[in-house]
Amino acid sequence: MIGYYVHHQGRGHLHRAQCIAAHVPGPVTLLSSLPRPDAWRGPWVDLPPDTAAEPVDATARGRLHWVPLHHDGHRERMGIIARWIVRERPALFVSDVSVEAAALARLMGVPVVVAAMRGDRRDEAHRLGYDLADALLAPWPGSLPEPGWPAHWHAKTVHTGSISRYDGRPRPTRRCGPDGRGAGNEVVVMLGAGGADVTPEQLQEAARATPGWSWTVLGGPDTPWVEDPWPLLCRAGVVVTHAGQNAIAECAAARVPAVVIPQDRPHGEQRATARALARGGLATVCDAWPGPHEWPALLAEAVARPERWAHWSPGDGAEQAGRLLTERAARYARQAPCAPR
């Protein structure tokens, strides 16, 4: 048995967990405060929310990320995970991502794999989580490593390339534009479920500044959520997206030209991803939402860029991750002492 903690922010952690679990032959239990998806057929453990408007010493004086004092939801959440570990005796625990969940599992004698994140993770809490991990699972290519990591983190990191629910899914036939690469006249803006830094007015100004393009917005506050954007991504001439791991993985799987505008996130995660994309020449990257007059040239640059997404998205990232978890779980199952009779 493998336990897999799924963070509730956005949709990417859950999508990734489902993709990886599909490549693990043994049972995988997901533990999360997200709603259980209809498509998930494996074991699922509901965790209560632990949000707090006025938390008390939530970081334990900077040593952890979220451990608010005397918070019933947090206490119950940790208790449910602990009771599940006692009951199921998992061979391995995956944290995607919570330092506290990883530390709890390791304190209970369960080896841990931590899903790594880009950005500055040298704070006390991340150093604890990454140091205690048996392995770090990095969903980006090893040729574009995260700079500044200590050597012992790199030594236990498995780089899988990006992991997308669309890996291996056939791409619909695209209408070809003058360059032979795609439709050439539709911009798909993918804002995601984790929050956006762009206003409806900015989107309208960008559309007015590019009369040769039609604009479709996914995930904004005034637009309906699209559960399966794959057909839209595949028909797009350009995708404009933030730099969340899941969004970039989906663009890479679709092999679509992209303008990437990182959003402000803790530890500079999205800006670090954007820098890696720029280093690899994989996408057109902007530090902030461009002015209306900049959009025609940006879209032209994105379309003209050589398509190199296979460098980021080899297509078997989930399979590689599943193999890692399977091998580690089997190793520790063999090492586990026999239960007393």
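Our subject is the structure that appears above.
This section reports on the structure supplied with the text. This structure is a prediction, so every number in the text was calculated from the model and none was measured.

Rules of the game
Residues numbered from 1 in each chain as written. Predicted model: local features only at pLDDT ≥ 70, side-chain atom pairs only at ≥ 80, totals over all residues. Heavy atoms only, no water. Helix = DSSP H or I, 4+ residues; strand = E, 2+ residues; numbered from the N terminus. Rg over C-alpha atoms; globule rule 2.2 N^0.38 Å. Buried < 20%, exposed > 50% of the residue type's maximum accessible area, 1.4 Å probe, protein only. Contact = heavy atoms within 4.5 Å. Areas by Shrake-Rupley, 256 points an atom, 1.4 Å probe, with all protein chains shown as cover. Expected span 1.5 Å × (residues − 1). Arc of directions from axis to C-beta. Polar contact = N/O pair within 3.5 Å; in protein donor to acceptor, adjacent residues only side chain to side chain. Salt bridge = Lys/Arg side-chain N within 4 Å of Asp/Glu carboxyl O. Patch = residues over 30% accessible without salt bridge, like charges linked within 9 Å, V, L, I, M, F, W, Y side chains within 5 Å. Core = buried A, V, L, I, M, F, W, Y, C linked by side-chain atoms within 4.5 Å. Axes fitted to C-alpha atoms, helices over the stretch in contact; angles between N-to-C directions. Left-handed = near helix turned anticlockwise from the far one by under 90°. Nonpolar A, V, L, I, M, F, W, Y, C, P; charged D, E, K, R; others polar. Pairing = 2+ DSSP bridges.

Some details on the overall build of the chain
No. 1: Within the chain, the regular secondary structure consists of 11 helices and 12 strands.
No. 2: In terms of overall dimensions, the chain is globule-like: its C-alpha atoms have a radius of gyration of 21 Å, near the 20 Å expected for 341 residues.
No. 3: Dimensions of the chain, computed from C-alpha atoms along their principal axes, come out at roughly 75 × 45 × 40 Å.
No. 4: Expressed as a percentage of its 341 residues, the buried residues of the chain come to 53%.
No. 5: Taking the intrachain contacts of the chain between residues at least 6 apart in sequence as the baseline, contacts between residues at least 24 apart amount to 63%.
No. 6: Working note: accessible area of the chain is about 15,600 Å², and carbon and sulfur atoms make up 54% of it.

Details of helix 11 (residues 317-335)
No. 1: Helix length check: helix 11 (19 residues) gives 27 Å between terminal C-alpha atoms against 27 Å at 1.5 Å per residue, within 8%.
No. 2: Turning to helix 11, its buried residues are G317, A318, A321, G322, L324, L325, R328, A329 and Y332. All buried residues of helix 11 fall inside an arc of 155° around its axis, so they share one side.
No. 3: Among the structural elements, strand 1 (2-6), helix 1 (12-21), strand 4 (92-96), strand 5 (112-115), strand 6 (135-138) and strand 7 (157-159) are those in contact with the buried residues of helix 11.

What to know about unusual backbone geometry
No. 1: The omega torsion across D96 and V97 is -15°, close enough to zero to call that bond cis.
No. 2: Looking at the secondary structure, you find V97 in the loop between strand 4 and helix 3 (99-107).
No. 3: Phi at D57 takes a positive value of approximately 45°, unusual for a residue other than glycine.
No. 4: By secondary structure assignment, the location of D57 is in the loop between strand 3 (44-46) and helix 2 (72-88).
No. 5: Backbone geometry at R89 places phi at a positive 50°, although glycine is not the residue there.
No. 6: Turning to its location among the elements, R89 is positioned in the loop between helix 2 and strand 4.

Here we look at the environment of D167
No. 1: Here D167 lies in the loop between strand 7 and strand 8 (186-190).
No. 2: Along the primary structure D167 and P27 are separated by 140 residues, whereas in three dimensions their C-alpha atoms are 22 Å apart.
No. 3: Beyond its immediate sequence surroundings of up to four residues, D167 is in contact with S162, A253, S313, G315 and G317.
No. 4: Of note is the side chain of D167, whose polar atom sits 3.1 Å from the backbone nitrogen of S164.

Here's the deal with the pattern of salt bridges
No. 1: All chains considered together, the criterion is met by 18 salt bridges.
No. 2: Among the ionic pairs, E186 bridges to R235, the shortest N-O distance being 2.8 Å. Here E186, found in strand 8, pairs with R235, found in helix 7 (residues 230-235); they are 49 residues apart in sequence, far enough to count as distant.
No. 3: With a closest N to O distance of 3.1 Å, E301 and R305 form a salt bridge.
No. 4: One network of salt bridges, with partners in common, ties together R63, E124 and R127.

Brief notes about a nonpolar patch on the surface
No. 1: Together, V86, L107 and M108 give the surface a local cluster of nonpolar side chains, amounting to about 320 Å² of exposed area.
No. 2: Mapped onto the fold, M108 is located in the loop between helix 3 and strand 5.

Digging into the nonpolar core
No. 1: Judged by nonpolar contacts, the single largest core of 59 residues is most densely connected at I81, F93, Y130, L136, V239, W309 and W312.
No. 2: The contact partners of Y130, leaving out residues within four places of it in the chain, are V114, A115, A116, M117, R121, L136, W149, W153 and K156.
No. 3: Formed by 27 residues, the second largest nonpolar core is a distinct cluster that contains I2, I20, V94 and A321.

Overview of the packing of helix 2 against helix 3
No. 1: For the pair helix 2 and helix 3, the least separation of the axes is 10 Å and the interaxial angle reads 35°. The interaxial crossing formed by helix 2 with helix 3 has right-handed handedness. Of the residues in helix 3, those touching helix 2 at M78, I81, A82 and I85 are A101, L104 and A105.
No. 2: Split into classes, the residues belonging to the contact of helix 2 with helix 3 amount to seven nonpolar, no polar and no charged.

Digging into the side chain of T284
No. 1: Here T284 lies in strand 12 (residues 284-285).
No. 2: With a relative accessible area of 1%, T284 lands in the buried category.
No. 3: Looking at T284, its side chain comes within polar contact range of the side chain of R305, at 3.3 Å.
No. 4: With near-sequence residues (within four places) excluded, T284 lies in contact with A258, V259, V260, L298, E301, A302 and R305.

Quick look at the sheet that holds strand 5
No. 1: Taken in spatial order, the seven strands of this open sheet run 3-2-1-4-5-6-7, and their pairing is parallel. If you trace the sheet from one side to the other, it starts and ends with strand 3 and strand 7, each paired once. In this sheet, neighbouring strand axes are inclined to one another by 20° on average, regardless of whether the strands run parallel or antiparallel.
No. 2: Summarising the sheet, strand 2 (residues 28-32) and strand 3 pair through three bridges and their orientation is parallel. Among the inter-strand pairings, L30 is bridged to a residue of strand 3, identified as W44.
No. 3: Lying over the sheet, helix 1 contacts strand 1, strand 2, strand 3, strand 4, strand 5 and strand 6, oriented at roughly 160° with respect to strand 1.

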